[in-house]
Amino acid sequence: MNYQLLGRSGLRVSELCLGTMTFGAKQWGTSEEEAGPIYRAFRDAGGNFFDTANEIYSDGRSEEILGRLVKGHRDEAVIASKYSFHVPGSRNPNIAGNQRKSLKRSVEASLRRLGTDYLDVLWTHCWDGITPVDEVMRALDDLVREGKILYIGASNTPAWVVAQSNTLAELRGWTSFVGLQIEYNLIERAAERELLPMAAALGLSVCAWSPLASGILSGKYGNADDTQGKRLETFQLKPLDERSLAIAKGVSALAEQLDRHPVHVALNWLRAKPGVIPLLGARTLAQLSDNLACLDFQLDADQVASLDQLSHLELGYPHDFIKRTKGIVLGGFQDVIKA
């Protein structure tokens, strides 16, 4: 496995990230006995990047299991966790959200569960829409200065918020976000409207969660009624509609031409995108092994382009307007200006 720098930092992370949301989850998840072989296989393949979250992941069992697995070689692992979410039912209105109090409580609890004194990366799990940007960035910077977190990132957050946050942080000498964690796959490409262009402009890495669109891109669904007890039936993140099935069929067709599995094609489409790190969510060792086989080959430019066209996304306004008026805005010199 190769490595890349996480955003505008010197942190070396593997080109695939192992998501541990399934660790400790009841019914549809992975037991601790099953998690061990998955973790070791990922490490044996060269992976060093692990993603978890606070108690929103299996009431904290995900962090606890990961903490026990990294014991004895903590410095070799890059551990990313998250704060902001909490299951409803508490009498504490500050138990969730982006504010300083929620941040402090969540990080301290995560450190205890992981059995470590620092997190390599902390993601804001989702933007709450009410906490001032300066409070969030200053509070995160304080934890960096205390050594409890080393780098910060934003997940499930509007592009304008991330841009404002990093601009403010740079102006005031605070720690800036080095990466985004977003839903991104051949079916869900809305991030291409604003988030991905912003990430490229600001030098942010992109961790793509749900790279297989809840398994739809694996080719295991034949029609919109074909759930058969699979993950979509118990933990649905993406609707199983005709558009999704058509894209999955196209992925399977290319995979057949290449004598590969659809999973490998879907993951390698992401790997071909600059700065994108697929976040694997394997529930079993067999699933992880299947996913890791994507490292055995790469898609060529024509194959990537065909997949782009297969799931073409209309960017909408203002992008379409800008494209239509390029000749006017560049005074007719658009073909001779090299930018």
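Cut-offs used in this document
Residues numbered from 1 in each chain as written. Predicted model: local features only at pLDDT ≥ 70, side-chain atom pairs only at ≥ 80, totals over all residues. Heavy atoms only, no water. Salt bridge = Lys/Arg side-chain N within 4 Å of Asp/Glu carboxyl O. Helix = DSSP H or I, 4+ residues; strand = E, 2+ residues; numbered from the N terminus. Buried < 20%, exposed > 50% of the residue type's maximum accessible area, 1.4 Å probe, protein only. Right-handed = clockwise from strand over helix to strand, strands pointing away. Patch = residues over 30% accessible without salt bridge, like charges linked within 9 Å, V, L, I, M, F, W, Y side chains within 5 Å. Areas by Shrake-Rupley, 256 points an atom, 1.4 Å probe, with all protein chains shown as cover. Pairing = 2+ DSSP bridges.

Asks: Help me out: how do you make sense of the pattern of salt bridges in this one?
Replies: Pairing between side chains of opposite charge can happen when the charged atoms of each approach one another. Under the counting rule described, the total for this entry stands at 19 salt bridges. A salt bridge links Asp 51 to Lys 82; its shortest N-O distance comes to 2.6 Å. Here the residue Asp 51 occupies a position in strand β4 (residues 49-51), and Lys 82 occupies one in strand β5 (residues 78-83), the gap between them amounting to 31 residues. Across the pair, Lys 82 and Asp 51 agree in class, each one buried. Salt-bridge contacts for Arg 74 lead to Asp 120; the nearest nitrogen and oxygen are separated by 2.9 Å. Residue Arg 74 is located in the loop between α2 (61-69) and β5, and its partner Asp 120 is located in strand β6 (residues 119-124); the two are separated by 46 residues in the primary sequence.

Asks: Explain the pairing of β5 here, please?
Replies: Consecutive side chains of a regular strand alternate in pointing toward one face of the sheet and then the other. The buried fraction of β5 amounts to six of the six residues, a majority that puts the element mostly inside the structure. Neither face of β5 is left uncovered, since the one carrying Val 78, Ala 80 and Lys 82 and the one carrying Ile 79, Ser 81 and Tyr 83 both have all their residues buried. Crossover handedness for the path β5 to helix α3 (residues 100-114) to β6: right-handed.

Asks: When you look at a nonpolar patch on the surface in this model, what are you seeing that I'm missing?
Replies: Taken together, the side chains of Val 329, Leu 330, Phe 333, Val 336 and Ile 337 define a hydrophobic patch exposed on the protein surface, amounting to about 480 Å² of accessible area. Note that Val 329 resides in helix α13 (residues 326-329). Val 329 gets classed as exposed once you look at its relative accessible area, which sits at 62%.

Asks: I'm lost on the pairing of strand β10 (residues 276-280) in this one. Help?
Replies: Burial of β10 is extensive: five of the five residues sit out of reach of the surface. With burial as the criterion, each face of β10 is covered, one bearing Val 276, Pro 278 and Leu 280 and the other bearing Ile 277 and Leu 279. As defined by bridge partners, strand β3 (residues 17-19) adjoins β10 across two bridges and the pair is classed as parallel. Considered in β10, the bridge of Leu 18 is made with Leu 280. In this sheet, β10 lies alongside strand β9 (residues 205-209) in parallel orientation, the contact comprising three bridges. When the sheet's bridge partners are listed, Val 206 is paired in β10 with Val 276.

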